[in-house]
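Residue-level structural notes
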Amino acid sequence: MAVTMNQDLRRERAAASFIPELLTHILDGSPEKTRRRREIENLILNDPDFQHEDLNFLSRSQRYEVAVRKSATMVKKIREFGISDPDEIMWFKKLHMSNFPEPVGLNFSMFIPTLLNQGTTAQQEKWLLSSKGLEIIGTYTQTELGHGTHLRGLETTATYDPETQEFILNSPTVTSIKWWPGGLGKTSNHAIVLAQLYTKGKCYGLHAFIVPIREIGTHKPLPGITVGDIGPKFGYDEVDNGYLKMDHYRIPRENMLMKHAQVKPDGTYVKPMSNKLTYGTMVFIRSVLVGEAARCLAKACTIAIRYSAVRHQSEIKPGEPEPQILDFQTQQYKLFPLLATAYAFHFVGDYMKETYHRINEDIGHGDLSELPELHALSAGMKAFTSWTANAAIEACRMACGGHGYSHCSGLPNIYVTFTPTCTFEGENTVMMLQTARFLMKSFDQVHSGKLVCGMVSYLNDLQSQRIQPQQVAVWPAGVDINSPEGLTEAYKLRAARLVEMAAKNLQTEVSHRKSKEVAWNLTSVDLVRASEAHCHYVVVKLFSEQLLKIQDRSVQAVLRNLCLLYSLYGISQKAGDFLQESILTDSQITQVHQRMKELLTAIRPDAVALVDAFDFRDASLGSVLGRYDGNVYENLFEWAKTSPLNKAEVHESYYKHLKPLQSKL
């Protein structure tokens, strides 16, 4: 039976100035990748084993069970379909699990990558194949009750016993209990545990250990292991985030991941080339989270923009029919900058993924020169994109009015699933301060006459400057705000100024005879501002450079509008930064606001086509409001009727509690 398309959406798509398919190819990487992604998605959509009930109407226990079943089915099907490429596996998982996380997620996203990055060949041979097939189900346990982002403060210990050639893992305090890892509570039978390594009476800091926690076959906790679920959370109902307490629990020496650091049988410690190599998995995940911010925001924008094209409300001119709410400039101002942000973050996500793999390959050949910047950029970008996307997803929900509050919109699920990224794999403020440390080191290098490279190379322009108290560099006005290149220059100047300002303030605090640590704390607000400005510059720069790679003129034109809108919107939100030191003038700031309104008008005819280009299937969106066919109201009614509360015309609570009160009437 043919599906009738909503007439508003039909007109929107017919009026677009470009072919969405061409933009989809750019987002995927090539026409062939689009074809293959859709082929894999169709395997899922056409397979009856993947059909499932609406998770919104299930209890937490039921949602967990469904998610475990789907995860097990997914592994079988990936094997059955012969899918092995990491990108293809990711496409498979994203549609299969829809907007809901999976209990075995950390097995694939952290346990296996850590084994690959930090395990020896022998260790990989022992555990890798089993973990891919879920015979071994692994998780990654780092965070503790008392410490998370501050890794040096973790209390779990791993003490080497040379007589038995075993490590003794112990949770010495209540605050040392591992807390939060996904899949730990009920699903996993192994965990990679980060613990303070002690050997020959000396602590050598955090190292990773593979720790069996449940018996294979019975799935019961092993002696010395206390493990369980931490209870309901803001979201993630499908995932058994857990706790782990170890009581002098012994594991073989070979269970320490020893690709980089080693403990010899006699207890001798062999240090790695760099201590930062221990944190490789976190860098990988932070890089991935940038792309996830883009994906989740793109979903939210797709739902909000399609619904805004279908929803008619209020009046622009009295007496005329109610317009699409997408015709209101205020709605455009709410949504189009967020749409531009989703595209910007997509290109940044691609860059982060490519950069991670390139530098990781260099590390494999002994070249660690780019590792510091990778750490700094992945930390800052993880914070910058997750903060932005988190607020933007909620803005999309509110832009959908009352219906956005319903789970049928899909937006609450997207929000509660994404919002933990602001705190996991590093709390965002701390991540920004990590980036700031790299920026301050880079500034000091430039100040001492050295050149820096990579994304901080703009600091080389400060080489002739000599930082003095109460003095900052003065930049010339005249930036072209009508071109992506000119706007990139403006953001570069802002980043340089705020980095220099933070460095000046830090030096001033140090000169007041305070310790460097106290001075750092008293300058931390300035340091976070500098990191945020640096990250914002990188996003604008990468978006602007992406335009030069696009062949089709119509696609390039619409993306250029989005790039301009993204950059101008950021200036409007941070106008004070650009006005200081005359990076932009008062007149230019006025032009920024006017140009933004012009861009809203220019983007309006292409808005639906731009979200169509993300190419999300309805099954992936999980939204009645964001349906591709636009048939919102009929399906809202059908969705509501499936609520378990509607299974009986009269709920049993009426007879138990309300009817006795009415017996006298």
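Residues numbered from 1 in each chain as written. Predicted model: local features only at pLDDT ≥ 70, side-chain atom pairs only at ≥ 80, totals over all residues. Heavy atoms only, no water.

**Concerning the overall build of the protein**
If you tally the helices and strands in the protein, you get 22 helices and eleven strands. Compactness check: the protein gives a C-alpha radius of gyration of 27 Å against a globular reference of 26 Å for 665 residues, within 12% of the reference. Looking at the protein as a whole, 55% of its 665 residues qualify as buried. Carbon and sulfur atoms make up 54% of the accessible area of the protein, which amounts to about 29700 Å² in all. Counting 72 positive and 72 negative side-chain charges, the protein places the averaged centre of each group 3 Å from the other. (Helix = DSSP H or I, 4+ residues; strand = E, 2+ residues; numbered from the N terminus. Rg over C-alpha atoms; globule rule 2.2 N^0.38 Å. Buried < 20%, exposed > 50% of the residue type's maximum accessible area, 1.4 Å probe, protein only. Areas by Shrake-Rupley, 256 points an atom, 1.4 Å probe, with all protein chains shown as cover. Lys, Arg positive; Asp, Glu negative; His and termini not counted. Charge placed at Lys NZ, Arg CZ, Asp CG, Glu CD.)

**Quick look at unusual backbone geometry**
One non-glycine residue, His219, adopts positive backbone phi at about 70 degrees. Following the sequence through the fold, His219 ends up in the loop between strand 6 (202-212) and strand 7 (225-229). Positive phi outside glycine occurs at Arg513, with the angle close to 65 degrees. Assessed through its relative accessible area of 83%, Arg513 is described here as exposed.

**A few points about the side chain of Ser524**
As for its position among the elements, Ser524 is in helix 15 (residues 524-547). Here Asn521 takes part through its backbone oxygen, which lies 2.8 Å from a polar atom of the side chain of Ser524. (Polar contact = N/O pair within 3.5 Å; in protein donor to acceptor, adjacent residues only side chain to side chain.)

**Some details on the packing of helix 9 (residues 329-364) against helix 16 (residues 553-573)**
Viewed as axis vectors pointing N to C, helix 9 and helix 16 meet at an angle of 110 degrees, and their least axial separation amounts to 9 Å. Between helix 9 and helix 16, the crossing angle belongs to the class labelled roughly perpendicular. Between helix 9 and helix 16, the residues in contact are Tyr333, Phe336, Pro337, Leu339, Ala340, Thr341, Tyr343, Ala344, Phe345 and Phe347 and Leu559, Leu562, Leu565, Tyr566, Tyr569, Ser572 and Gln573, respectively. Its residues assigned to classes, the contact of helix 9 with helix 16 comprises 14 nonpolar, three polar and no charged. (Axes fitted to C-alpha atoms, helices over the stretch in contact; angles between N-to-C directions. Parallel < 35°, antiparallel > 145°, perpendicular 65-115°, else oblique. Contact = heavy atoms within 4.5 Å. Nonpolar A, V, L, I, M, F, W, Y, C, P; charged D, E, K, R; others polar.)

**Examining the pattern of salt bridges**
The tally for this structure, following the rule as stated, stands at 39 salt bridges. The partner of Asp47 in a salt bridge is Lys77, with the nearest N and O atoms 2.9 Å apart. One end of the pair, Asp47, is in the loop between helix 3 (31-45) and helix 4 (60-81); the other, Lys77, is in helix 4, with 30 residues separating them in the sequence. Asp47 sits in the buried class, given a relative accessible area of 9%. Residue Lys77 is classed as buried on the basis of its relative accessible area of 9%. With its nearest N and O atoms 2.9 Å apart, the salt bridge here joins Asp229 to Arg60. A residue pair is termed long-range when its members are at least 10 positions apart, and Asp229 in strand 7 and Arg60 in helix 4 qualify at 169 residues. On the accessibility criterion, Asp229 (24% relative accessible area) is partly exposed. (Salt bridge = Lys/Arg side-chain N within 4 Å of Asp/Glu carboxyl O.)

**Some words on the packing of helix 12 (residues 428-447) against helix 13 (residues 484-511)**
With their axes 10 Å apart at the nearest point, helix 12 and helix 13 run at an angle of 85 degrees to one another. Accordingly, the angle class assigned to the pair helix 12 and helix 13 is roughly perpendicular. Taking contact as the criterion, the partners of Leu439, Met440 and Phe443 in helix 12 are, on helix 13, Val499, Glu500, Ala502, Ala503 and Leu506. Split by residue class, the contact of helix 12 with helix 13 holds seven nonpolar, no polar and one charged.

**Section: the packing of aromatic side chains**
Using the criterion set out here, one finds 16 aromatic pairs in the structure. Judged by centre distance (6.2 Å) and plane angle (85 degrees), the rings of Phe234 and Tyr415 are edge-to-face. Taken together, the positions of Phe234 in the loop between strand 7 and strand 8 (242-246) and Tyr415 in helix 11 (residues 411-418) put the pair 181 residues apart, joining distant regions of the chain. Plain terms: the ring middles of Phe284 and Tyr356 are 5.3 Å apart, the flat faces sit at 50 degrees to each other, and that makes the pair tilted. (Phe/Tyr/Trp six-rings, centres within 6.5 Å; stacked < 30°, edge-to-face > 60°.)

**Re the confidence of the model for the protein**
Looking at the protein as a whole, its pLDDT mean stands at 92, while 96% of the residues score no less than 70. Per-residue pLDDT stays below 50 along residues 464-477; that stretch engages in 33 contacts with residues further than four places along the chain or on separate chains. (pLDDT = per-residue confidence, 0-100.)

**Description of the environment of Ser314**
Position of Ser314 among the secondary structure elements: in the loop between helix 8 (280-310) and helix 9. Spatially, the C-alpha atoms of Ser314 and Phe328 are 9.9 Å apart, while their sequence positions differ by 14 residues. Not counting chain neighbours up to four residues away, the residues in contact with Ser314 comprise Glu322, Pro323 and Phe328.

**Structural notes on the sheet that holds strand 8**
Each strand in a sheet pairs with another by means of backbone hydrogen bonds, the pair being arranged parallel or else antiparallel. Taking strand neighbours across the sheet as the criterion, the three strands line up as 4-8-7 in an open arrangement whose pairing is antiparallel. The sheet terminates laterally at strand 4 (178-179) and strand 7, the two strands that pair on one side only. Pairing analysis gives five bridges linking strand 7 to strand 8, with the strands arranged antiparallel. Counterpart to Ile225 in the pairing with strand 8 is Met246. (Pairing = 2+ DSSP bridges.)

**What about the pairing of strand 2 (residues 157-161)?**
Of all five residues in strand 2, four are buried, a share of seventy percent or more. Of the strand pairs in this sheet, strand 2 and strand 3 (residues 166-170) are connected by five bridges, and their pairing is antiparallel. Bridge pairing in strand 3 links Thr157 to Asn170. Direction of pairing for strand 2 relative to strand 5 (residues 190-199): parallel, over a ladder of three bridges. For Thr159, the partnering residue across the bridge sits in strand 5 and is Tyr198.

**Some remarks on helix 12**
Helix length check: helix 12 (20 residues) gives 28 Å between terminal C-alpha atoms against 28 Å at 1.5 Å per residue, within 8%. Looking only at helix 12, the buried set comprises Asn428, Met431, Met432, Leu433, Thr435, Ala436, Phe438, Leu439, Met440, Ser442, Phe443 and Val446. Buried residues belonging to helix 12 abut helix 8, helix 10 (371-399), helix 13, helix 14 (516-522) and helix 15. In this structure Glu427 caps helix 12, since a side-chain oxygen of it lies 3.0 Å from the backbone nitrogen of Thr429. Following helix 12 by one or two positions, Gly449 has its phi on the positive side, about 100 degrees. (Expected span 1.5 Å × (residues − 1).)

**What to know about the state of the cysteines**
Tallying each qualifying case throughout the model produces zero disulfides. In this structure Cys296 is a free cysteine whose sulfur lies 11 Å from that of Cys422, the closest cysteine sulfur available. Cys535 takes part in no disulfide bond, and the closest cysteine sulfur, belonging to Cys422, lies 14 Å away. Owing to a relative accessible area of 0%, Cys535 belongs among the buried residues under this scheme. (Disulfide = S-S within 2.5 Å.)

**Details of a positive patch on the surface**
There is a patch of like positive charges on the surface, built from Arg152, Lys276, Arg437 and Lys441. Mapped onto the elements of the fold, Lys276 is located in the loop between strand 11 (269-270) and helix 8. (Patch = residues over 30% accessible without salt bridge, like charges linked within 9 Å, V, L, I, M, F, W, Y side chains within 5 Å.)

**Considerations on helix 3**
The first and last C-alpha atoms of helix 3 sit 21 Å apart over 15 residues, in line with the 21 Å expected at 1.5 Å per residue. Residues Thr34, Arg36, Arg37, Ile40, Glu41 and Ile44 constitute the buried set of helix 3.

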